[in-house]
Amino acid sequence: MAQYEAVENERKWQKQWKEWELYKFDPDSDAPPYSIDNPPRYASGALHLGHATGYSLIDFAARYHRQRGFNVMFPLCFDVNGTPVEVRVEKKFGINKYSVPRQEYIKMCEEYADSFIDSMTKQFEILGESMDPTVYYQTDAPYYRRITQISFIKMLEKGLAYKGEYPVNWCPRCITALADAEVEYDQNITKLNYVKFPVADADDHIIIATTRPELICTCQTIAVHPDDARYKELVGKDILTPVFGKRVKVISDEKVDPDFGSGIVMICTIGDKTDLEWVMKYKLPLEKGIDEEGRMTAIAGPYEGMPVKDARAKIIEDLLSAGTIIKQEEQQQNRSICWRCHTPIEFLQVKQWFIKIMDFKKEVLEKADQIQWFPEFMKVRLQDWVNSLQWDWVVSRQRYFATPIPVWECEKCGYVLPAKEEDCYIDPTVTAPYQDACPMCGGELKGCQDVFDTWMDSSVSPLYNTFWKRDDEKFKRLYPMSLRPQSHDIIRTWAFYTILREHLLTGEKPWEHIMIHGFIMAPDGTPMHTSLGNVIDPMPLLENYGADALRYYACTCSLGEDHAFRERDVVHGKKLCTKMWNLGKLIEMTVTERPERVQLKPIDRWIMSRYTKVLEAVTAHYESYNFDKAMREVENFAWKEFADHYVEMTKHRTRGNDKSVRYTLYTVYLGILKMMAPMLPHVTEDAYQAFAGMDGAKSIHISKWPEPERIDEDAEMRGELTKEIIASIRTWKAEKKYPLNKELARVEVVGKGSDLLKGYEDDISQTVRAEKLDLLKEAHLDRCANMVRPVHAKIGPLFKNQAREVVAQISTMDPEEVLSMLTSKGSFEIQLNDGRDVLITNELVEVLCELRYQGKAVETIQVGDLLVVIEVK
Ligand SMILES: [Zn+2]
Ligand SMILES: [Zn+2]
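Structure report, in brief. (Residues numbered from 1 in each chain as written. Chains lettered and ligands numbered in written order. Predicted model: local features only at pLDDT ≥ 70, side-chain atom pairs only at ≥ 80, totals over all residues. Heavy atoms only, no water.)

Turning next to the pairing of strand E23 (residues 481–487). Counting buried residues along E23, 7 of its 7 residues qualify, which places the element largely inside the surrounding structure. One crossover worth recording links E23 to the parallel strand E24 (residues 511–517) by way of helix H14 (residues 491–506), and it is right-handed. (Buried < 20%, exposed > 50% of the residue type's maximum accessible area, 1.4 Å probe, protein only. Helix = DSSP H or I, 4+ residues; strand = E, 2+ residues; numbered from the N terminus. Right-handed = clockwise from strand over helix to strand, strands pointing away.)

Quick look at the structure:
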């Protein structure tokens, strides 16, 4: 028999599918659309196991819906934007954004990112992804950025976007603002300094504990808790800041923690988020102590120009030597850091563009409720995030490689001139404004130097995909999209921003469904990291086992959870492919033309009923994106019921002209292939080809999803019993070391329920190769002793040099007689040659019995209430 060569076969089909343009989305089709808001893969080159698994899960959904007759839109797309590419380019060429002219810098980033597109497309192909290159997009392309820009202009018109001076998370290394979602946290040990602050006009001082004494220069006020008895007298008094001698007032505020440090806090602009709340609440001036590059400003006096870290060290040194710091304690600190470069972030007040979030929390939560979440519990992550938000979304970044903000601004009065929609895509740093001067003040209009946050691009993907602002008719038909698939780590960014944006722009939810998958961890359950050296490269796995095998691993990953990688699942996947393919070769020999539907025989009704139930369960699992359950269901059925039992039980019928078995083999096998096709697309396609002409599609992937057959509970019950009887006889043969085709003279199934097997006698007798099969209500079996076996281990020590003689005598005795003596008395006597009588007890001898039925030796197996009596030939 030919062998299944996975990798070779997969390449063959990948090439063929491409030629057939099998996955082409037809925007004018009448078929219902099923559109996938596919995550554009980040243009960074290497394929990791998380991609391989995540994109496999998405492909399962795409292929399933194609088989269900949907007009599937599954874009091939790449995310080519943003800081990660910039960081790599800067590293590779040893540059930064100031050392190379802006346009040249952008070009370097573009070329770098573009160099990965071909190999990334190829990786998708090797994985068997059915993405459609005719609905291709790249987020840095003018056609895509145009949509980002128009969406911003729309929001600007509606007053949903604004420019404001506001404290933002700031990375001094990347020199850019960061959204809350781009802030990560680490644990850091820092020093808590107890600093003396003199009370004004008195010979007294208070103690304030701070981890950031370099911010004393921006201290605006001092606060204590209203119930703190220690400081009742202090409220309303003036305090002088050390070094700077600035006069500040003491206030009381509920938010002060009396147990932290001395119970007195200084409120600065801006140390952390609590400071910010106080600044807002008490309308304190926003003084800027740190600049965009993380250096102290003029306000810091003697520390001006120093990087924050150095300024802190210096002021601590100065305060210590002046005796102003009276105590230092080590302190564990939860520090905010930049997601990309891990530099500690600062809060800076900088002019930035914002999109309103705070006014729309309720609407976002409502939209989230209108979307069906798979799994449902992931919705909580979005809800928690929305409820925790305290600021609007800062969307401007002081970077280069991203979508330009399409406005010109007056440097003098701040007037904003937006680009016209029809002119987008536009780069206002290159293109001149429509007017020479500001219409308000005559000042100079300058193209906005900032670019958009990368999520501004990614969060319009549903609008881009559905032809928003390009084709109203198509947009109406295609929006909202059917599915957003994504991982759980970007719920607070990609999912959240998309729901917000699309609500603001369309008033509707962006998708019907959202499917959230987890991460793939190292085999020991820890995250994979280049630095830990535990990253598993999927490419060798693909080359060794093939894509179907790796996709089988993806089938074992339930949604919403992280999974440790297990190579044995890949190995098993390969085994399953081979099994299914070989099964096809076997069935091909019997089914050579499309079988007609006929009245089915009992055993065929059994498997058909089981098959129908499996089909219904698998379909439901696909509908709810539970691919792990779908695979488990169809695999168990295909392997453990259909192949191991039904096919074996019906082998004898395949030689003749049995229409019922042909129809059943064809229907069930084809149905199994189709149920597996979304998950194992290559092997199922190859196996399908023998039946493609009969089924009527050139490829299984555009063939029709199987139809249920008839459920027949009675046939199932009888069929299961038949299966069990056969299985028990086969197991018995294996235990006896008989070949499975060992012929039996007679099999009898005895018991009250044996007539359930009426109509199945041939299936049993032919499969177990019994010449005769009878179903009996009851049978009388005789137990006959046929051999006496001395127990040498006991006789030896007991009789020493006479043992041999004892053994010889016992062995020649009549077994029936021995059995009757042992059962009646438990012992008997024999006389040795020397005339001595010796007692032979129970433990010195075994009597072997056999069962006889109508005078012939038989064996029995108990199957539930039934006794199976076997007479060997
Ligand atoms: Zn950074
Ligand atoms: Zn102006």
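The next thing to look at is the coordination of the zinc ion (ligand 2). Note on the zinc ion (ligand 2): its protein donors are Cys410 (SG), Cys413 (SG), Cys438 (SG) and Cys441 (SG). The metal-donor distances range over 2.2 to 2.3 Å. Taken together, the 4 donor atoms coordinating the zinc ion (ligand 2) and their angles of 100 to 117° define a geometry best described as tetrahedral. Taken in sequence order, the residues that donate to the zinc ion (ligand 2) follow the motif C-x2-C-x24-C-x2-C. Given the relative accessible area of 35%, cysteine 441 is considered partly exposed. (Donors = N, O, S within 2.8 Å, 3.2 Å for Na, K, Ca; no water. Tetrahedral: all angles 85-135°; square planar, octahedral: opposite > 155°, others 65-115°.)

Moving on, we get to the coordination of the zinc ion (ligand 1). The coordination sphere of the zinc ion (ligand 1), as far as protein atoms go, consists of Cys171 (SG), Cys174 (SG), Cys338 (SG) and Cys341 (SG), spread over 2.2 to 2.4 Å. One can describe the donor arrangement at the zinc ion (ligand 1) as tetrahedral, given that its 4 donor atoms subtend angles of 102 to 116° at the metal. One chain supplies every donor to the zinc ion (ligand 1), and in sequence these donors are spaced C-x2-C-x163-C-x2-C. In this pair, cysteine 171 is assigned in strand E6 (residues 161–171) and cysteine 341 in the loop between strand E14 (325–338) and strand E15 (346–355), connecting sequence segments 170 residues apart. The class of cysteine 171 is buried, set by a relative accessible area of 0%.

To continue, consider the packing of aromatic side chains. What the rule picks out here adds up to 35 aromatic pairs. When the ring of tyrosine 4 is compared with that of tryptophan 581, the centres are 5.5 Å apart and the planes differ by 40°; the resulting orientation is tilted. Here tyrosine 4 is found in the segment before helix H1 (6–20), whereas its partner tryptophan 581 is found in helix H17 (residues 567–590), with 577 residues between them in sequence. By the burial criterion, tyrosine 4 is buried, and tryptophan 581 matches it. Judged by centre distance (4.6 Å) and plane angle (0°), the rings of tyrosine 64 and tyrosine 622 are stacked. Placement of the pair is tyrosine 64 in helix H2 (residues 49–67) and tyrosine 622 in helix H18 (residues 602–623), with a sequence separation of 558 residues. Assessed through its relative accessible area of 0%, tyrosine 64 is described here as buried. Clustering of aromatic rings is evident, with ring pairs tying together Phe60, Tyr64, Phe374, Tyr622, Tyr625, Phe627 and Trp705. In this structure, arginine 41 is placed above the aromatic ring of phenylalanine 124, and the distance from its NZ or CZ to the ring centre is 5.1 Å. Positioned over the ring face of tyrosine 400 is lysine 97, at 5.6 Å from the centre of the ring. (Phe/Tyr/Trp six-rings, centres within 6.5 Å; stacked < 30°, edge-to-face > 60°. Lys NZ or Arg CZ within 6 Å of the ring centre and 35° of its normal.)

Scope: geometric values only; no functional claims are made or implied.
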